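Observations on the three-dimensional arrangement
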Amino acid sequence: MQTIDKFNFAGKKAIVRVDFNVPLDENGKITDDTRIRGALPTLKKILADGGSLIIMSHMGKPKGKVNAKFSLSQIVDAVSAALGVKVAFAPDCAKAADAAKALKPGEALLLENLRFYGEEEGKPVGIDKEDPAYEAAKKEMKSKQKDFAKTLASYADCYVNDAFGTAHRKHASTAVIADYFDANNKMLGYLMEKEVKAVDNVLNNIKRPFVAIMGGSKVSTKIGIIENLMTKVDKLVLCGGMTYTFAKANGGTVGASICEEDKLDLALNIQELAKKNNVELVLGTDSVVTNAFNFDSMSLKPGADVKVCPSGAIPEGYEGLDAGPKSQEKFANAIKGAKTILWNGPAGVFECDDFTAGSKAIANAIAAATKEGAFSLIGGGDSVACINKFGLADQVSYISTGGGALLEAIEGKILPGIAAIKGE
Ligand code: AMP
């Protein structure tokens, strides 16, 4: 497989798929440039070699229609400043052949939002899924998607994919385009390489003991990951809202706590699966509960009663919103001594300061284990927000930039964006 380090971009035009889907305020100003910074090592290497850059990305969900709100023209200056070169802008990504041709070594061009074309995602535009004509329109769009990818490919000599956040999508720019380059002229960018390596560390290249911590709201959305991890981990900590589905399945009462009544059997199956695979399942025993929480404002209502009680004996009208002190200690002890750690999903409603303690105990234990030499991977949306909220981002080994992509990778699924480069 070709690698970005080996490849010499001198005199070459490189088309690079990045994830510049950055958040903007109402004036079109970038509020968090993490994603731009994440792609810089790849973009800078290409320019430093003497190559020219054609940068492409999506922004938001314009659903196949031009929409100024999602125009990448808003970020050209920021990309120029980050790269240290004046970046040109192509206002139509499918009509950028001349602008690409004019690029000299060391120059860069940013294409307009790929998703202004329905071809990017390969989904029919303006036709309902229920419409009888939908299937035919979808087929036609798949063929148009290939033409679109071919047009993008025609701008360049080589293709680099550095957009991990969209690697689980088989889009024109993330996967289909790779068909138009031979194996020597397509490769993963540095950010992608880091993500792939981090996933490999928790799925294949495991140092033991391996402890995974899965939290969040529901067991149903995490079941694919839990099943895949069952054959790999030594300990599995299950926390957050799913605690109550387990508590109820084991005969407890959970009051008004979030509980998936139709997943009680699933919870029991997971317990069985853990036994069969010799995995130590770590469940919380106590919870911080309240009788008055407002999920819209993520705050306690005035006069709310907050107390600690057993997770399987929660009074009527009360809901468990965080791990209690005994559970926190149990989780921290389970993490202590781990050599590989994966964390996805908070242990409570961490958005509210009254219910952060469980997630904080986990984050602190991960930071401590990392200091002792563990490899720790944090990923998938809210656990990243937790680590940042607690100021511990620099005390873990790797924070993934991919939400859905990371979760699918950990489920053991092959990501189309990576498979297209590897030729799988
Ligand atoms: P997920 O997207 O499944 O990882 O879930 C993240 C969300 O789970 C966060 O917004 C948390 O507020 C929420 N969460 C964590 N613990 C609980 C709980 N005990 N009850 C309700 N929601 C929870």
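Here is what the cut-offs are and how they apply
- Positions within a chain are numbered from 1, following the residues in the order the chain's sequence is written.
- In keeping with the model being predicted, local features are shown solely for residues with a pLDDT of at least 70 and side-chain atom pairs are shown and tallied solely at 80 or more, while totals for entire chains, interfaces and linings include all residues.
- Water and hydrogen atoms play no part in the side-chain values, which are based on all heavy atoms of the structure.
- Domain delimitation in this document rests on an assignment produced automatically or drawn from a domain database.
- Contacts were defined at the residue level, with two residues in contact if any of their heavy atoms lie within 4.5 Å.
- A quick way to say it: buried area is the sum, across both parts, of accessible area lost when two parts are put together, with a 1.4 Å probe.
- Pairing of aromatic rings covers Phe, Tyr and Trp, the last through its six-membered ring, and needs centres within 6.5 Å; plane angles under 30 degrees mean stacked, over 60 mean edge-to-face, and all others mean tilted.
- Numbered from the N terminus, helices here are DSSP runs of H or I no shorter than four residues, and strands are runs of E no shorter than two.
- The buried label goes to any residue with under 20% of its type's maximum accessible area, the exposed label to any with over 50%, and the partly exposed label to all in between, with areas taken from a 1.4 Å probe on protein chains only.
- Lysine and arginine charges are scored as sitting over a ring when NZ or CZ, respectively, is within 6 Å of the ring centre and within 35 degrees of the ring normal.
- Between Lys or Arg on one side and Asp or Glu on the other, a salt bridge is scored when a side-chain nitrogen of the former is within 4 Å of a carboxyl oxygen of the latter.
- Pairing between two strands requires that DSSP report at least two bridges joining them.
- Lines fitted to the C-alpha atoms define the axes, with helices restricted to the stretch that makes contact. Angles between their N-to-C directions range from 0 to 180 degrees.
- If even one non-hydrogen atom of a residue comes within 4 Å of a molecule or strand, that residue is called near it.
- For this analysis, a polar contact is any N or O atom pair within 3.5 Å, provided that within protein one partner can donate a hydrogen and the other can accept it, and provided that sequence-adjacent residues contribute only side-chain to side-chain pairs.
- Here the accessible surface of atoms and residues is derived via Shrake-Rupley with a 1.4 Å probe, and residues count as covered only by protein chains that are part of the display.
- Under this grouping Gly is polar, as are all residues other than the nonpolar Ala, Val, Leu, Ile, Met, Phe, Trp, Tyr, Cys and Pro and the charged Asp, Glu, Lys and Arg.
- The scheme is simple: roughly parallel for angles under 35 degrees, roughly antiparallel for over 145, roughly perpendicular for 65 to 115, oblique for anything else.
- Handedness of a crossing is defined here by the sense of rotation of the near helix relative to the far one, left-handed for an anticlockwise turn of less than a right angle and right-handed for a clockwise turn.

**A short note on the domain arrangement of the protein**
We note that the domain assignment places domain 1 (13-188) and domain 2 (197-410) within the protein. Each of domain 1 and domain 2 has a C-alpha centre, and the two are 36 Å apart. Listed as interface residues are four residues of domain 1 and, on the opposing side, seven residues of domain 2. When domain 1 packs against domain 2, the two sides together hide about 450 Å² of surface, and 67% of this comes from carbon and sulfur.

**A look at the packing of aromatic side chains**
Following the criterion strictly, the structure yields five aromatic pairs and no others. Measuring from centroid to centroid gives 5.7 Å for phenylalanine 293 and phenylalanine 355, while their planes differ by 85°, and the two rings are edge-to-face. With a gap of 62 residues between them, phenylalanine 293 in strand 12 (residues 293-294) and phenylalanine 355 in the loop between strand 17 (340-344) and helix 11 (357-371) connect regions that are remote in the sequence. Phenylalanine 293 sits in the buried class, given a relative accessible area of 6%. Taken together, Phe293, Phe295 and Phe355 form an aromatic cluster joined through their ring pairs. The aromatic ring of tyrosine 318 is capped on one face by lysine 307, whose charged end is 4.4 Å from the ring centroid.

**Some remarks on the pattern of salt bridges**
Throughout the structure, instances matching the rule amount to 13 salt bridges. Two residues, lysine 275 and glutamate 272, come together in a salt bridge whose shortest N-O distance is 3.5 Å. You can see lysine 275 and its partner glutamate 272 sitting in helix 9 (residues 264-276), three residues apart, about one turn around the helix. According to the relative accessible area criterion, glutamate 272 is partly exposed, its value standing at 47%. For lysine 389, the salt bridge is made with aspartate 353, and the minimal N-O distance between the two is 3.2 Å. One end of the pair, lysine 389, is in helix 12 (residues 382-389); the other, aspartate 353, is in the loop between strand 17 and helix 11, with 36 residues separating them in the sequence.

**Examining the sheet that holds strand 11 (residues 286-290)**
The strand order across the open sheet formed by three strands is 14-11-16, and the pairing between neighbours is antiparallel. For this open sheet the edge positions go to strand 14 (306-310) and strand 16 (319-323), each flanked by a neighbour on one side alone. For this sheet, the mean inter-axis angle between neighbouring strands, taken without regard to orientation, is 45°. Bridging between strand 11 and strand 14 involves five bridges; their strand directions are antiparallel. Looking at strand 14, one finds that serine 287 is bridged to cysteine 309.

**Quick notes on the site of the ligand**
Of all residues adjacent to the ligand, which total 14 residues, the nearest are Ser217, Lys222, Gly320, Glu351 and Asp382. Lysine 222 is positioned such that a nitrogen or oxygen atom in its side chain is 3.0 Å from an oxygen atom of the ligand. The backbone of glycine 241 places a nitrogen or oxygen atom 3.4 Å from a nitrogen atom of the ligand. For the ligand, the protein covers 83% of the area, taking 500 Å² as the surface of the free molecule. In terms of residue class, the shell around the ligand is built from five nonpolar, six polar and three charged.

**Here we look at unusual backbone geometry**
Between arginine 208 and proline 209 the backbone carries a cis peptide bond, its omega angle lying at 0°. Tracing the backbone shows proline 209 in the loop between helix 6 (190-203) and strand 7 (210-214). Despite not being glycine, methionine 298 has its phi angle at roughly 50°, a positive value. The residue methionine 298 is located in the loop between strand 12 and strand 13 (299-300) in this model. On the basis of relative accessible area, methionine 298 is assigned to the partly exposed category, the value being 25%.

**Thoughts on the packing of helix 10 (residues 325-335) against helix 11**
Here helix 10 crosses helix 11 at 20°, and the two axes come no closer than 9 Å. As judged from the angle between their axes, helix 10 and helix 11 are roughly parallel. Where helix 10 crosses over helix 11, the handedness of that crossing is right-handed. Counted together, Gln328, Phe331, Ala332 and Ile335 of helix 10 and Ala357, Gly358, Ala361, Ile362, Ala365, Ile366 and Ala369 of helix 11 form the full contact between these two elements. For the contact of helix 10 with helix 11, the residue count by class is nine nonpolar, two polar and no charged.

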